[in-house]
Structure formats: structure tokens, C-alpha cells
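Listed below, chain by chain, are the residues.
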Amino acid sequence: MPAQGDKKTARRVEIALKKGLFDARGERIKKQILAAFGPNTPIASLRYLDIYTLDTTPPDTTPMDTASTATILSEMSLKEAFCDPVIQNIAIDAPLTMDFDWYIEVGYRPGVTDNVGHSARYALGLVTNQDIPVYHSTGYLLKTPLDKTRVNEIAAGCLANELIEFYRILSPADMATLAPYIPRVVDTSVPKTKDISMDLDDKGLMDLSRTRTLVLSLEEMRAIQVYMQRSEIIAERKKAGLDSLTDVELEVLAQTWSEHCKHKIFNAIITYEEKGHTEEISSLFVSYIQGATKKIRKAKGKNDICKSVFTDNAGIIRFNDTHNLVFKVETHNSPSALDPYGGALTGIVGVNRDPFGTGIGAQLIFNTDVFCFASPFYDKELPERILHPRRIFEGVREGVEHGGNKSGIPTINGCLVFDERFLGKPLVYCGTGGIMPSVINGKPSHEKHVEPGDLIVMSGGRIGKDGIHGATFSSEEIHEGSPTSAVQIGDPITQKKLTDFLLKARDKGLYRGITDNGAGGLSSSVGEMAELCGGCRLDLEQPPLKYQGLNPWEILVSEAQERMTLAVEKAHIAAFLALSAEMGVESTVIGEFTDSGVFHCTYEGKTVAWLNLDFMHNGLPRMHLKAVWDRPATPRVDIPDTDNHNELLKKMLGRLNICSKETVIRQYDHEVQGGSVIKPLCGMDLDGPSDAAVIRPLLDSMEGIVVSNGIAPRYSDLDTYHMVACALDEAVRNYVCTGGDPDHCACLDNFCWCDPIKSDTNPDGEYKLAQLVRANKALYDYTVAYGCPLISGKDSMKNDYTNGAIRISIPPTLLVSVIGKIHDISRAMTMDIKDAGDLVYLLGVTKEELGGSEYLALIGLKNGIVPKVEAKTAIERYRNLHTAISRGIIASAHDLSDGGLAVALAEMAFAGGFGMEIDLNQVPAATDKVNADKMNDTGILYSETPSRILVTICPENAGALEDIFGDQAKCIGKTTKHSQLLVKGTKGQTLIDEEIDALKKAWKATLKVS
């Protein structure tokens, strides 16, 4: 708990809306409490306060005298800094009101990033010309008959995350003795380096790995042990003044060798067995991901758009003759499970730094986000240390919102996926795209260089304990002992200042190389850049700290946010530091790049790390794993028909994976920077679901960027091969539906998997690994078939929760993100119907492929025939669609995915505000070869066969469309001026006859869109 302050050395300011004004924040929190504890929870009202605690006597400073404090922190100066007098009231060193039953105050614990407090400190400094620490907390004034025990449950369950926040509950009687809390970090320990003996038996080695959260296997610990026993290494280290391994070196190796950083499973040697056949795979990554891109690039020849793949922080493709595009998607699953807000905020600002630190640096132009959660309506008992999915949902949403919006980067694309198995660990995918001139200062912008003699410079935020062991923590499953230090909270305002500064420095040629301080902090960034020149020397006393008391190893591996590492030529260092100071960014020289072949760190003039660079990066022993695919054939499921399709369609539209996500989308800024063309919502009322996003990165050009995604974890229950094929196909399908050129695009792969290594607690690990192998085989097959190269990606391989009694594993999940070009944004396409009397065409054949579908999930059936992608006909269809869109033949286009034909028809209708008349007799439908029966109407309506697209056209364009598509296009109906969706069945009967407003209402009701 933070130290309780003294009124003589602290001032407390309370701010609230004036009486009679609508307290939107208070009402939102009240709704969250009622959702979590039941609608009958007796809370008459809840008011929201902003509380600022001013630390007028920080540690190691001279106290202000009473007269100075009174003058500098007068009521007038505090009002000017913190209060809007038109709508707010202020109280200083006293409660603002006593009109409450319970007072709950929530604030950050010592050392946790307090962004509002930082901004308040800056504002107060402008008014007083004094630097006075300010800490922000939130007050909630409840009127309720509940007792303190119940109020404590509300505080712990909805208002505070005890990993990173403190809270206190007060009654009106307690307010007379209210004293400020000052969450100071007071660390009186003496920083030091410890020697670590590696003269241990196997048990000792594993105990060491576990107690220090190294997450290294016995074989890996033995490799370090053997390294330390080599005679030449012993001799070399003695010259450097070292004997035993230091904690600095051990932590560096654990970070560098973590699953998160080295992708050990993807680079393992795998023996794969399937139906009596055995093959050895030497690295999934090299064989399938790099292998696919290499094959595609060779086939494209001079039309290859790839500029830099798999070698930098993000992938780079050609946009046009003068500019390149940069794109990266990351996951922040483990931190978001512990602290949804901080984890997600760190995720979005962290991935911002990836494109920015790629090549010589890119200007950031868009964000994407994809979230996978358990149902927010989950009503069962929660396992230990698992937060309620609703709280995770809201915290993640708010974290990404704050990180993206405050950075001035539009959020243009994303989706939400729900499955109960995401209870153990949510998936939080955050992506960022950038653009850079292809040549800067006469040099290719996609290349980075580091030379011996270049200075190592750290720019941006300071280092703290937050984020320590982030890389290693994310490489293991969530459990009751997961480290709280792994949680970080990003500061988007500091990062925005940093990126603005570095773009200017880039254009002035003031640095040679750049990378971000992500997983592993300086250990990772400096260690990776040192590979480019052959060595480094890092002085761990030099990096600026948030507070004193950090040990050298903590300084080195802390992942505290908003920092970049740069290689600056000595001739440019003065100009670099001057520009940094001018733009209000802290930059510090912390060492020098060398060609010594050594990762060398000093502290207080003594060597604390002396690691052979080759061993550090290449000494990791490769894993040898076994994978066995032994899944029996999935039985076919008879698709039950129904007599009430109106109600069935409304139920389908209300399902979590289909319903409107407008409540989430509206929280994000997709207009900032002024380049948005096709936004996440479209149509007559701007509430229809866009298939993909289109932005205009260069405002003096009609060329645009299209960004889409595909994800289908439900199909993993049947076959991960077809799951991956469907995810890729969905991403490409969304891309072409919006106008993207299928021959000018690339994709990113982000794998999130349950633990695929067999153990006593994970007995089906060999099957999970076989699922991963099949997934990679599909990724290779279909990217090659589509000619869509993989340019970047990430894998997160330990997405499980265990407490010893239970294990919750996510469904194997692949997110495919596609980025590419539309040559003329005036041809960009949306999914809403544009006019009555247009013809409705279905592109593609419907098959009885409902395995893993939303319809079968609705009626509680498993198994069935998994949807399968026919790549050859699909890519031909997509190229034809691009031709038709480019010629202006198409009025609207919408892909068929979750919920199939019926859902797509409804979405197009209510997005455009027009009705439709559809005849299922005209829908091209084919049964599976093993089934001789004709598909029934329900199967046709809700099949999720991939690669299908609905388009509408003016009647006069019918001939041109059919000339392009031939028998791939079939007219199945028309649009009408009547606001009715009318669907006739294969026997001529009316199946659906429903007002589109009623369908939209059902679609919006689940997540409460008004």
C-alpha cells in the first residue's frame, strides 16, 4: 500500500462535474457494476471524481516552506491547472461533498506508469513554473444500502486491479481524518550485481530457472553451464575481470533465448507422423513461411513487391515508385490477462514502435486491432486469478482506445471473436502500418546500418521495474504465480513526442540505425543491433531511471515503454541531442557499438556482462519435438431444417460472432490524419459492417491502401489445415471486395496456440503440435496459390491457463492480416446496397460445409463438414471481381463468412436501407461427394463455404458482369424499394419475410447498440 501522506507535505485536489450535469463516466461505471453483480444491485447513484495528490516534499528534496507552498499552490493556480470552472467544481484539502454512503478511491501503486498524473504534473508546471510530482487517482461516490463487505467486492471486482492499483473504502465518518496517499517509490536498497553459480545438478539448474522466471529448459540451462566451463571462455572472462556467471548475463540469455524472441517451437526439428507416414521438418518457419515467400517472390520476378521480409521489426513492401509500406501485428495476450487496460495499452503503443523502428523509420498511418474473448455474459464461477471476460473486454477496449487515439493514429480495421476457451487467456492482436519514402538522404530507407564506433543512444521514456520478465513471462502459461512485474502501462503522449522528434532526426540524417525497446528492453535492442557491427559496450549507469534502486540486470531487461535505441555517428551526436532537447525528448548516450564480438556491459566501472555475441544469439540448442496427427474422420451432420426462418435469422444476427460491434468501433478514432476512405462502418446510417478499410496515405494522390483480416478459430476443432486456409481466404476475400488489387498485396501471419509440447500436465501436446504443422502446411499451400507473400508475423505458443487442477487452452488460432494497394480510391467499394432495382449476384458455389459454423453452434451440434477452400477457382474469381470493380460494373460487394448467405443478405439490406427479393432455387449449390441428397434450405442459407461473394449491379451491367465471370456468377434476385427481406425456398415457399429494421434491431441488440 502506498505511503500515507502528511497534509503538510501533500495537497489533495478533488474535481467533479457540477450538480445537474450528466456524469457519463459515473453512469458507465454503474452499468458495468450492474452487469457484473446483477441488475438488482441496489446502487441509487454513482458519481465520478478526479483526485490529484501533489507531493510537495518528494524524497531527497528540500521541503517547501509553508509560505512558498501557499503562494505557488494557491487556489487560483490549482483551479487553472486542474479545473474547468464552467462545468466542474474543485475542493482543495477537503472533501468536495459528503453526499454519499461509500467513498472508493482507486490509484496506481508505486512505480506504475500514471499517465494522467504525468499530464497533470506538466500542466501544473506551466502554471507555477515548479516541477511538483502529481499522482492521479479516481474517486467513486456511491449511494447504496450495501455494507462495506459488499462494497469491497465491487471495488475489487469492477473498479481496481490489485496487481497494479491500490484502493481504499471510506464512509462519511472517515472523511474527517482523510489523508492523501502518496504512491512514492522509495527504494533504499543498494544496486548490485550477483554472481550465479552454474555448478549445479539438473535439479539445481531447473530450480534456478524457475525461481528467476527464466523459463529455460534443462537442455538450455545445460548449454549455459557447458559454455561457462569452456577453457577459452574462462580465460577470456578472467581478462575482463569476471569469474562466475553474473545475474546480468543469465537474464540476458533468458531474454534472448525466450520463446517470445527466438520462436523455439517454430524453429524446432519436428518428427511429424500422419497415417503411417513420417517426415522430418527442420523448422516450420524456414520450411513453410520463409519457403512460401521465397517461392512467390521468385515466381513474380520483376513484379515482386517485397522490399524487406523477416529481417527487421516489420515487413516492408513497395507502395509505388516513391514510397514503401510497413506493417506489423503483435500480440499482448499474457499482460492483458493480468491487467487488461495496461496490457492492451502497452500492446498498441508497443506495436507502434515496430514499424517506426523498421529500416530507417516509418511514419505511422494506421492501427488495427483484433480481440478474442470469452463471452462478456459468462455466468459461471471463475478460476483463481482469472478476471471476468466483461472486465477484460472493457479494459482491453479502453487500453487500445487510449493508446491509439492519443497517439494520433487512426484505428481502421479489426474484429471481435468470442469463444469460451478464451477465458484462460484472451488474445489481443494489435497492428500498425507506416509509410516511408523509398529513398532518404540518398539511401534506401528499408535498410539499416550500424558501424563500429557509433554511439548507442536511448531516446524517450525512462526505465523502471515495469515490464521486467515480460519476454520470459509471455513464453509460459498463465498460472497463480505469474509475475506482476511483467505488467506495463504505456504512455502514448510521450511516445508521440518521441516519434515526432525521430522523424525529424531521420530526415536530417542524424542517426544511422534504429530499433525499438520491446521485449527484453536494452538487452534485446542493443543485442540485436550489435549483430550488425559485431559487438557493443553498454554502460548500465547511464540510462535514466524512473526511480533509483534498480539492479543492473533490471536496467538491462526492463521493458518500460516509449523508448528507442539508435546508432548515432559521433559527428552527429551534438546535433542529435540538441534537436532532442528542443523537442522535449530525453536522449542519453549509454555506450558504443564495437567489433569486439562481445556483448559487454559495465556498471560502476566494472564489467558485469561479457558474453560472446555468437553464443548469445546462436548458442540456443534446437528443440527436437514429435507431432502425431491421429484425428479420426469427422462425421457428417444432418442439417435440421426449420419452419420459422424469420426468428432463426434474428437469432443468428444476434450471436456474439455476428452481431454489430458498433459500440466498440465508435470508441476509436478512424478519421485522424484525414486519409480514411472506407471506414469500419458504412452504409446509409454509417452502421453497416465494412469488409476492409481503405486509406489514402498521400493526400495528393488517388492511390490507396487496403487493409483486411481473416480469423476462423472455430474450424480448428475439425482441422487446422482448413482453418488456416479459410482465415487466409477470408482476409483476401475482404481485401478484394473493397477494391484491393489481388496481385499487389502481402500478408502477415500471427499464430496463437495452446502449448504444443507434450508433458505430464499436457498429455495431448503431440496432437497440438500436429495441428500446428498442418496449419503451416496450409499457409504455405494457399499463400503460394494466391501469390500473396508473407512479410512478417509472430507466434505466441503458451496460451493456456492452469492452476494444477484445471487447464484451459485456447482453440488454435491464426490471424491473417492483408495489406495492399488500390490504384484509384474513387473505385473503392462498400457492402451496402446502393439502389432499388439492382440485380443480386452470388459469386461461387454453396456446399454443405457447416462444420464449425455459427448455425451448428447455435443449435448445439458439433462435427460436420469443415469448409474447404478451392484456391484455383477462388483466386480466378477474385481477379475477375477486381476487374469488374475497376471498370465500375459493381455497385456493392460483400463477402460471405460467419452465418453464410442469410446473414450477408441481411447485412447488405439493412446497411443500404433497401429490401431484397431472393430465390434459393437460383443459388448454385452442391452436395458433398459422400452425400447424394440435395441441400435443404437451411443448409443453403447458413453454409459457410468460403470464397463466395454477393454483389449488386445495375441491370444494364448484367451482360458485362457475366462476360467477366461466366458460370462463376449467378443472379439470385434483386433489390427493392420496400424495406423487406424476402427469401423464397427451393420449393417456392416463403422462407424469410421480415422488415430490415427488425433484422437490424436484432443485430444491434446483443452488444446494446442504440
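Remember, it's a predicted structure, so these values are computed and weren't measured experimentally.

Here's the deal with the overall build of the protein
A count of helical and extended segments in the protein gives 30 helices and 47 strands. Taking the principal axes of the C-alpha coordinates as reference, the protein spans close to 90 × 75 × 60 Å. Out of the 1010 residues belonging to the protein, those deemed buried represent 63%. Pairs at least 24 residues apart make up 82% of the contacts formed inside the protein by residues separated by at least 6 positions. Working note: accessible area of the protein is about 37300 Å², and carbon and sulfur atoms make up 50% of it. Distance from the positive charge centre (107 side chains) to the negative charge centre (134 side chains) of the protein: 1 Å.

Brief notes about helix H6 (residues 202-211)
Every buried residue of H6 is accounted for by Gly204, Leu205, Leu208 and Ser209. Across the axial projection of H6, the buried residues extend over an arc of 140°, all falling on one side. More than 90 degrees from the buried face of H6, the exposed residues found are Lys203, Arg210 and Thr211. Next to the buried residues of H6 lie strand E9 (195-196), helix H7 (218-229) and helix H9 (247-256). One or two steps after H6, the chain reaches Thr213, where phi turns positive at roughly 55°.

Structural notes on the packing of aromatic side chains
One pass over the full model with this rule turns up 20 aromatic pairs. With a centroid separation of 5.3 Å and an interplanar angle of 75°, the aromatic rings of Phe166 and Tyr181 are classed as edge-to-face. With a gap of 15 residues between them, Phe166 in strand E7 (residues 165-170) and Tyr181 in strand E8 (residues 181-182) connect regions that are remote in the sequence. Taken as a pair, Phe166 and Tyr181 share a single burial class, namely buried. Ring pairs connect the aromatic residues Phe371, Phe373, Phe393 and Phe418, which therefore count as one cluster. Over the ring of Trp553 we find Arg212; its NZ or CZ atom is 5.3 Å from the centre of that ring. One cation-aromatic arrangement involves Lys821 over Phe319; the distance from NZ or CZ to the ring centre is 5.2 Å.

Some details on the pairing of strand E21 (residues 455-460)
Along E21, six of the six residues are buried, which leaves the element largely enclosed by surrounding structure. Taken together, the five bridges between E21 and strand E25 (residues 587-593) define a ladder with antiparallel strand orientation. Directly across from Val457, in E25, lies its bridge partner Val589.

Side note on the sheet that holds strand E41 (residues 892-895)
Pairing is mixed across the open sheet formed by seven strands, whose spatial order is E41-E44-E39-E45-E42-E46-E47. At either margin of the open sheet sits one strand with a lone partner, and together these are E41 and strand E47 (990-995). Strand-to-strand, the axes of this sheet are offset by a mean angle of 20°, without reference to chain direction. Relative to strand E44 (residues 949-953), strand E39 (residues 839-843) runs antiparallel, the two being bridged by five bridges. Across the sheet, residue Val840 finds its bridge partner in E44, namely Thr952. Where helix H23 (residues 720-737) meets the sheet, it contacts E41 and E44, and its direction lies at approximately 170° from that of E41. Of the strands in this sheet, E39, E44 and strand E45 (969-976) are in contact with helix H29 (residues 958-965), which crosses E39 at around 5°.

Considering the sheet that holds strand E17 (residues 411-418)
The strand order across the open sheet built from six strands is E13-E14-E15-E18-E16-E17, with neighbouring strands paired in mixed fashion. Two strands bound the open sheet, and with one partner strand each, they are strand E13 (306-308) and E17. Neighbouring strand axes in the sheet, compared pairwise and without regard to direction, differ in orientation by 20° on average. Here strand E15 (residues 323-331) runs beside strand E18 (residues 427-437); their pairing, made up of nine bridges, is antiparallel. Note on E18: the bridge partner recorded for Val326 is Gly434. Against the sheet, helix H13 (residues 340-356) engages E15, strand E16 (363-373) and E18, with an angle of about 30° to E18.

Thoughts on the environment of Leu686
Topologically, Leu686 is positioned in the loop between strand E30 (681-682) and strand E31 (688-689). When its relative accessible area of 48% is taken as the criterion, Leu686 is described as partly exposed. Not counting residues within four places of it along the chain, the set of residues in contact with Leu686 comprises Arg666 and Leu681.

What about the pattern of salt bridges?
Here the structure, examined in full by the defined rule, presents 60 salt bridges. In this structure, Lys465 and Glu554 form a salt bridge, with 2.8 Å as the shortest nitrogen-oxygen distance. Of this pair, Lys465 sits in the loop between E21 and helix H15 (470-473) while Glu554 sits in helix H18 (residues 552-557), and the two are 89 residues apart along the sequence. Here Lys465 falls in the partly exposed class, since its relative accessible area comes to 29%. Residue Arg666 pairs with Glu662 through a salt bridge whose shortest N-O separation is 3.1 Å. For Arg666, a relative accessible area of 43% gives the class partly exposed. For Glu662, a relative accessible area of 10% gives the class buried. Salt bridges here are not isolated pairs; linked through shared partners, they connect Glu662, Arg666, Asp685, Asp687, Lys1000 and Lys1004.

Side note on helix H27 (residues 900-912)
Across its 13 residues, H27 extends 19 Å between first and last C-alpha, which sits within 8% of the 18 Å expected from 1.5 Å per residue. Along H27, 13 of the 13 residues are buried, which leaves the element largely enclosed by surrounding structure. Looking one or two places after H27, you find Gly913, whose phi comes out positive at around 85°.

Concerning the environment of Phe422
Counting through the fold element by element, Phe422 comes out in the loop between E17 and E18. By relative accessible area, which is 1% here, Phe422 ends up buried. Residues Phe422 and Phe373, spaced 49 residues apart in sequence, show a C-alpha to C-alpha distance of 5.1 Å.

Digging into the nonpolar core
Counting 80 residues, the largest nonpolar core has Ile270, Phe751, Leu772, Tyr786, Leu881 and Ile890 as its most contacted members. Counting residues per element, this core draws most heavily on H23, at 12 residues. Dropping the residues within four chain positions of it, Ile270 is found in contact with Ile265, Glu279, Glu280, Ile281, Leu284, Leu625, Ala627, Leu769 and Val773. If you look at the next biggest cluster of nonpolar residues, it comprises 52 residues, including Leu208, Leu214, Ala223 and Phe599.

Some thoughts on the environment of Ser287
Considering the arrangement of structural elements, one finds Ser287 in helix H11 (residues 284-300). Assessed through its relative accessible area of 30%, Ser287 is described here as partly exposed. Between the C-alpha atom of Ser287 and that of Val784, which follows or precedes it by 497 residues, the distance is 13 Å. One polar contact links the side chain of Ser287 to the main-chain carbonyl oxygen of Ser282, over a distance of 3.5 Å. A polar contact is formed between the side chain of Ser287 and the backbone oxygen of Ser283, at a distance of 2.8 Å.

What counts and what doesn't
- Residues numbered from 1 in each chain as written.
- Predicted model: local features only at pLDDT ≥ 70, side-chain atom pairs only at ≥ 80, totals over all residues.
- Heavy atoms only, no water.
- Helix = DSSP H or I, 4+ residues; strand = E, 2+ residues; numbered from the N terminus.
- Buried < 20%, exposed > 50% of the residue type's maximum accessible area, 1.4 Å probe, protein only.
- Contact = heavy atoms within 4.5 Å.
- Areas by Shrake-Rupley, 256 points an atom, 1.4 Å probe, with all protein chains shown as cover.
- Lys, Arg positive; Asp, Glu negative; His and termini not counted.
- Charge placed at Lys NZ, Arg CZ, Asp CG, Glu CD.
- Arc of directions from axis to C-beta.
- Phe/Tyr/Trp six-rings, centres within 6.5 Å; stacked < 30°, edge-to-face > 60°.
- Lys NZ or Arg CZ within 6 Å of the ring centre and 35° of its normal.
- Pairing = 2+ DSSP bridges.
- Axes fitted to C-alpha atoms, helices over the stretch in contact; angles between N-to-C directions.
- Salt bridge = Lys/Arg side-chain N within 4 Å of Asp/Glu carboxyl O.
- Expected span 1.5 Å × (residues − 1).
- Core = buried A, V, L, I, M, F, W, Y, C linked by side-chain atoms within 4.5 Å.
- Polar contact = N/O pair within 3.5 Å; in protein donor to acceptor, adjacent residues only side chain to side chain.

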